[in-house]
Amino acid sequence: TMVKVAILGYGTVGGGVAEILHKNGAHISQRVDNPVEVKYILTRRDYPGDPFEDKIVQDFSIIEHDPEVRVVAECIGGTTVALDYARRALNAGKHVVTSNKELVAAYGYELLQIAKEKGCSFLFEASVGGGIPILRPMSSCLAANELSEIVGILNGTTNYILTRMIRGGLSFDDALKEAQEKGYAEADPTADIEGHDACRKICILAALAFGQHVYPDQVPTQGIRGVTLADVAYADSCGYKIKLLGRAIREGDGKLCAFVAPHLVPASNPLSGVEDVFNAISVTGNAIGDVMFYGRGAGKLPTASAVVADVIDIAKDLKTARCAVWGPGSRDLVVSSDILSSRWYVRGTASMDKVRAAFGEISPLARGGAPAGETAFLTAPMTEPQVRARLEGMELHSLIRVLE
Ligand code: HSE
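In this text the structure is predicted, and so the values were computed from the model without any measurement. (Residues numbered from 1 in each chain as written. Predicted model: local features only at pLDDT ≥ 70, side-chain atom pairs only at ≥ 80, totals over all residues. Heavy atoms only, no water.)

Draft legend 1. Quick look at the side chain of Asp310. Structurally, Asp310 can be placed in helix H12 (residues 300-316). Owing to a relative accessible area of 1%, Asp310 belongs among the buried residues under this scheme. For Asp310, the contacting residues outside a window of four places in its chain are Val97, Leu123, Phe124, Glu125, Ala126 and Arg136. (Helix = DSSP H or I, 4+ residues; strand = E, 2+ residues; numbered from the N terminus. Buried < 20%, exposed > 50% of the residue type's maximum accessible area, 1.4 Å probe, protein only. Contact = heavy atoms within 4.5 Å.)

Here's what the structure looks like:
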């Protein structure tokens, strides 16, 4: 039977899904017994002359009430109409796939529950890592492992910006403009810059890996707004790259330490070589050790390719529901990153005598063009409260955790 799909949203991702289903239709049909076809594209605007013009509808209830539509691909984004439509599609017995990390991070548990009740699939491979196969490999190929840690570069826009600052000496704003032009950034790039997008993604990864919903407001999140070219230069001088990392670490007592923050990543860690829009996610399991996933983390066709892969997965067998399973989470599940000891990069204005009195023997870092009185150094391993206590009374410009 022909599997009819409705695409919700005709922006970057929705447009990519339509394009891939159309272009690769013959190829996809060879892989599944049930060929896949777009029946509707839901969008508020008219697209005169568009190749899919005849499929465009503006009223979701047409899709909701059309029994021919078996799969709904939600590519609207956000959590207002996207949530409403995802709920209604599942309640109408349709399988739902989405690229919407905000939706899954906030409402994943609820939507998975509805899907389970209705015997439908709810899949969201594209929500983390764009085109990188990460969620399905993590939950199926690594299923034998107890997973203990996830660390990743989860946002293409900020990684693009940091790379252009490091390699091109571009200003933050020019680099952001380029990322927007390439279709990497969110509609409002604040979510990228401030780390919220990476936060949503680490929530989804943590829920899958550790079996409980992790809510974005439980995860302390710091973006890259405060990272300067001076920090980039100092980091470079001692063999580090500054990267925005999402981290989730299982603690002994069943708790979880999860956070998003810029880090200094040593050249010896493969994450330091992940550049431009690429994402990489390293997962540690007790049987496999470390495994790493790498690829294009944003952009029209990479993201759409993951959405379409979910559609194909469903089309292969419409009767079997595929859903991740995780619990509702709880208020006291996530503990503060304050417990996590690491080295720190410090930049401030203070005399070396004062610094040595507080931190002991440290070697100062150097960069060209540093203003008089500027001091930068790496500390011994300690927690954030400890480093802050020692910095008391010094003029602090940057404090960035070092990834061990
Ligand atoms: N704005 C996101 C990013 C898109 O830059 O990674 C992919 O989720």
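Having seen it, we continue.
Draft legend 2. Geometry of the pattern of salt bridges. One pass over the full model with this rule turns up 27 salt bridges. Here Glu19 ties to Lys300 by a salt bridge, and the two come within 3.4 Å at their closest N and O atoms. Of this pair, Glu19 sits in helix H1 (residues 12-23) while Lys300 sits in helix H12; the two residues are 281 residues apart in sequence, bridging distant segments of the chain. On the basis of relative accessibility, which here comes to 26%, the residue Glu19 falls in the partly exposed class. (Salt bridge = Lys/Arg side-chain N within 4 Å of Asp/Glu carboxyl O.)

Draft legend 3. How the structure looks around the packing of helix H4 (residues 81-91) against helix H5 (residues 101-118). Running from amino to carboxyl end, H4 crosses H5 at an angle of 15°, the nearest separation of the two axes being 9 Å. Taken together, the axis directions place H4 and H5 in an arrangement best described as roughly parallel. The handedness of the crossing between H4 and H5 comes out as right-handed. Only Leu103, Tyr107, Glu110, Leu111, Ile114, Ala115 and Lys118 of H5 make contact with H4, whose side of the interface consists of Ala82, Leu83, Ala86, Arg87, Leu90 and Asn91. (Axes fitted to C-alpha atoms, helices over the stretch in contact; angles between N-to-C directions. Parallel < 35°, antiparallel > 145°, perpendicular 65-115°, else oblique. Left-handed = near helix turned anticlockwise from the far one by under 90°.)

Draft legend 4. The packing of aromatic side chains, seen in detail. Applying the stated criterion across every chain, the model contains eight aromatic pairs. Consider the rings of Phe60 and Tyr85, whose centres lie 4.3 Å apart with planes at 15°: the pair is stacked. Taken together, the positions of Phe60 in helix H3 (residues 60-64) and Tyr85 in helix H4 put the pair 25 residues apart, joining distant regions of the chain. A single burial state applies to Phe60 and to Tyr85, both of which are buried. Ring pairing ties together the aromatic residues Phe122, Phe124 and Trp326, which thus form one cluster. (Phe/Tyr/Trp six-rings, centres within 6.5 Å; stacked < 30°, edge-to-face > 60°.)

Draft legend 5. Quick peek at the pairing of strand S4 (residues 69-74). Across the six residues of S4, five count as buried, placing the element largely inside the fold. Note: strand S1 (residues 3-8) against S4, five bridges, orientation parallel. Across the sheet, Lys4 pairs through a bridge with Val69, a residue of S4. Bridge count between S4 and strand S5 (residues 95-98): four bridges; the pairing is parallel. (Pairing = 2+ DSSP bridges.)

Draft legend 6. Structural view of the site of the ligand. For the ligand, the full set of nearby residues is Lys101, Asn155, Gly156, Thr157, Tyr184, Ala185, Glu186, Asp192, Asp197, Lys201, Gly297 and Ala298. Here Gly156 contributes a backbone N or O atom positioned 2.7 Å from an oxygen atom of the ligand. Taking Thr157, its side chain carries an N or O atom lying 2.6 Å from an oxygen atom of the ligand. Across the complex, the protein chains shield 93% of the 250 Å² of accessible surface that the ligand would expose by itself. Among the elements of the structure, helix H7 (156-168) and helix H10 (196-210) are those that each provide at least two residues to the shell around the ligand. (Near = heavy atom within 4 Å. Polar contact = N/O pair within 3.5 Å; in protein donor to acceptor, adjacent residues only side chain to side chain. Areas by Shrake-Rupley, 256 points an atom, 1.4 Å probe, with all protein chains shown as cover.)

Draft legend 7. Representation of the packing of H7 against helix H8 (residues 172-181) within the structure. The N-to-C vectors of H7 and H8 enclose an angle of 135°; their axes lie 9 Å apart at closest approach. Taken together, H7 and H8 sit at an angle that is classed as oblique. For the crossing formed where H7 meets H8, the hand is right-handed. Here H7 contributes Thr157, Tyr160, Ile161, Arg164 and Met165 to the contact with H8, which in turn contributes Phe172, Ala175, Leu176, Glu178 and Ala179. By residue class, the composition of the contact of H7 with H8 is seven nonpolar, one polar and two charged. (Nonpolar A, V, L, I, M, F, W, Y, C, P; charged D, E, K, R; others polar.)

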